Structure formats: C-alpha cells, structure tokens
Amino acid sequence: MIPIITIEGPTGSGKSAIAMQLALELGTELISADSRQVYQKLDIGTAKPSKEEQEMVHHHLIDIIDIKETYTAGDFKNQAGKICAVLWSQKKIPIIAGGTGLYIRSLLHGLFTIPQVPIEVKQEFRELQEKNGLEFLHQYLSKIDPIAASKISVNDQQRILRALEVWKFTGTPITEHWKHQEHTSPFRALRIFISPNRSELYQRIEKRLDTMIEKGILREIEDLLHNGYDWRDPGMNAVGYREFIPYFTKLDSWQNCLIKAKQHTRNYAKRQWTWYNKCNFDLTISPDAITLSKLIDVVGHFCVDL
RNA sequence: GGCGAGAUAGCUCAGCCGGUAGAGCAGAGGCCUGAAAAGCCUUGUGUCCCCAGUUCAAUUCUGGGUCUUGCCA
C-alpha cells in the first residue's frame, strides 16, 4: 500500500500554503488535484502557485494541457496514481492538495474502468437529443437502464448522455459497471480537511477576487482571446473567467462581472462543502488553528503505522 | 418647461379581456462514479408607490399626487 496525504478544503481555505509547508518539511512533492490548474495559461484566475513556489516544491499535474483539451477524473486518477507510485519508490510520501473532490475520490476509491468513449458515440446521442429532446433521451435510458434513469434527473443532460454513451459503447448499462467495480485501493490515505469559518471564508473569497483584478486577470483573458482561444474551449469554463464574458462582449462593466465572479465562487465553495460533508477525514482543522508542528505530529502517527 | 415611459420578492423583470401574483438571478439546504471551478434537485406571504373614484370585486380601469427615467426644448 502506498501512503498518501491529502489536503482538502473549499476554495480559498488556504490549503495550498499548508500543503507547501508540509511538503517542504517532509522533503516530498505535491500533486495538485485541481481541474483548472491543469490548464496552461490559466494562471491568475486559478490562483496557480507562482514560479517561485513551484521551484521550492515540485508541483505535479499543473500546466499539463492546453485550454482546448479536456481533462477528466479518469485522467487524473491514472496520472496521479503513477506519480504516487514513483514518489513512494523514492521514499517520498505524496501529498495531494486540491479542491476537486471527484478527482481525489477517483484516486482513492476508483472508478469503473472502461476506455474513453469514442466521439462518434457521443455525437450520436447529441444528435438524437437535438432531434427529439432531452426528455426522449431520458425515456430511452429508462428502457435500457431503469435504475440509472430513476436516479438521474430528466434535466441532467450530462449524466443522461454519459449513461447512454457508456451503455452504447460497452454494451452494459452504467449501473452494472458500478456493481462490478473494484473497490480496493492501492493507497492508504491520511486525509486532512481544512475547514474555515463560513463567513470568514466568504470574506477571503472577496479579497481573493479583488486581488485577481489587481494582478491583471482581465489582461490574462484578453491575451487568451487574442491568441486564438475561445470561450467555448473546455478550459475556459472556469469561475473567475466566464463571468467576464459580458465585459469582453461589451454588454456589462467589469465591476459587475466581478460581483458575479465573487457570487459564483461562493456558490462553488458551498458545493464543495456539501461534498466534503460526506467524506471521512482523519483530521479536520480550521486554518487559523493549524500549525506545522501539529501537522507533523499527526503525520508522525500516520507514519508509525506504515 | 413640453411630450412620453415606468413604479410588482434582496436584484432584473412577467402578469391577455378586473376576481388579492410569478419567472430568472441572488440567498438557504441538498445531490454528485471520466465536463466536477461542471451539472442537477428542493425552497418565493411581497403595503403589487400613495390617495380618491368606478365596481359585488382593482395590482389590473379612471382621476390626482410622489418619485424614477427617455426624448424635445
């Protein structure tokens, strides 16, 4: 079993800083579990660690793909898994830090394994949806996989399409894949949750977004648009970016866009919170109560059992 | 000053021919198996600006007032 430490928490909770300290102390490296920091050129709005920080501690899975490419939980699971194995072979305990809950869950608890669904299959159902509507697809799903259909809302385009694609491509309903999924994990995780006070976090989010303006998020976006990137590109679907579309299409002021960006970041933090409520953490600690020595202590106990 | 337009949920607004109101967003809570910073679900009693009139009944019609806003001067 490979030991790993996770540092999790809502956006803006300060997990990156804590993870850095711990990595330095343990002489190990960080793996980012962040669905937006994987993208190159999305720097300011994703609060990516600076060059200096990245020199101090090696950060994996940052800046690995282009904005026009998609990245999935499966990609993360595979890549992070390999990196963990390599690090542990060097006697380094991998530290995973990031707010993308699904990524960490995929790594720790696995996904049912099927190859990437080909675009043709995806396309087929998109066309079917355009012709007959979403409701039709949901009814279709209820015939081939009633359990999935009952769990998935009629309006949940993403999951309806996914369930149909998986069934079409593999010949097996998605709920069957779930049943036969492997649940053993090659990891032994020490999971640490950074839990800030709600109103304090919201204040930090406000400040963080203001800082992004100061750092030049608008220029960053402008450059991207000038360099051939488009709002429809997968990477551009990010809080702190898409809210500025009205500004760049001259429909609203950047100030109003900023207000939206703050709201959406708060909404996002809340969604993360709800997700984390169901996770089992070994240590839950508020950002201001946390100290390096306390962390080392906990990690020490963890290491004794290895 | 003249001629219009508007005043309805925290915000932006819908409410045909009169029967005391409803969407989106925000807020709150929840879900989540390859788009997850995504996607989805639940949750809306507010002096319908004020006053008077018509009417069995006015947010909805009429008159007056107040405020906001557009155009012309």
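A few points on the structure. (Residues numbered from 1 in each chain as written. Chains lettered and ligands numbered in written order. Predicted model: local features only at pLDDT ≥ 70, side-chain atom pairs only at ≥ 80, totals over all residues. Heavy atoms only, no water.)

## Digging into the overall build of chain A
Right, on to step 1. Broken down by element type, chain A carries 14 helices and six strands.
Right, on to step 2. Taken over C-alpha atoms, the radius of gyration comes to 21 Å for chain A, in line with the 19 Å a tight globule of 306 residues would show.
Right, on to step 3. Projected onto its principal axes, the C-alpha positions of chain A cover 60 × 50 × 35 Å.
Right, on to step 4. Across the 306 residues of chain A, 44% fall into the buried class.
Right, on to step 5. For chain A, restricting intrachain contacts to residue pairs at least 6 apart in sequence, the fraction spanning at least 24 positions comes to 75%.
Right, on to step 6. A total accessible area of about 16,400 Å² is found for chain A, and carbon and sulfur atoms account for 51% of it. (Helix = DSSP H or I, 4+ residues; strand = E, 2+ residues; numbered from the N terminus. Rg over C-alpha atoms; globule rule 2.2 N^0.38 Å. Buried < 20%, exposed > 50% of the residue type's maximum accessible area, 1.4 Å probe, protein only. Contact = heavy atoms within 4.5 Å. Areas by Shrake-Rupley, 256 points an atom, 1.4 Å probe, with all protein chains shown as cover.)

## Comments concerning the pattern of salt bridges
Right, on to step 1. As enumerated under the stated definition, the model contains 13 salt bridges in all.
Right, on to step 2. Linking Glu 8 and Arg 191 is a salt bridge whose minimum nitrogen-to-oxygen distance equals 2.9 Å. Of the two residues, Glu 8 sits in strand β1 (residues 2-8) while Arg 191 sits in strand β5 (residues 187-194), which places them 183 residues apart along the sequence.
Right, on to step 3. Residue Arg 191 is classed as buried on the basis of its relative accessible area, which comes to 9%.
Right, on to step 4. Note that Lys 262 is salt-bridged to Asp 210, the shortest N-O span being 2.9 Å. Taken together, the residues Lys 262 in helix α13 (residues 254-277) and Asp 210 in helix α10 (residues 198-215) connect sequence positions 52 residues apart.
Right, on to step 5. Look at Lys 262 and you get buried, because its relative accessible area is 11%.
Right, on to step 6. Taking relative accessible area as the criterion, Asp 210 reaches 30% and is therefore assigned partly exposed.
Right, on to step 7. In this structure, a network of salt bridges that share partners links the residues Glu 206, Asp 210, Lys 262 and Arg 266. (Salt bridge = Lys/Arg side-chain N within 4 Å of Asp/Glu carboxyl O.)

## Quick look at the packing of α10 against α13
Right, on to step 1. Contact geometry for α10 and α13: axes closest at 10 Å, N-to-C directions at 140°. One element, α10, and the other, α13, form an angle in the oblique class. Judged by the twist between their axes, the crossing of α10 over α13 is right-handed. Contacts from Arg 198, Leu 201, Tyr 202, Ile 205, Glu 206, Leu 209, Asp 210 and Ile 213 in α10 reach Trp 254, Leu 258, Ala 261, Lys 262, Thr 265, Arg 266, Ala 269, Lys 270 and Trp 273 in α13. (Axes fitted to C-alpha atoms, helices over the stretch in contact; angles between N-to-C directions. Parallel < 35°, antiparallel > 145°, perpendicular 65-115°, else oblique. Left-handed = near helix turned anticlockwise from the far one by under 90°.)

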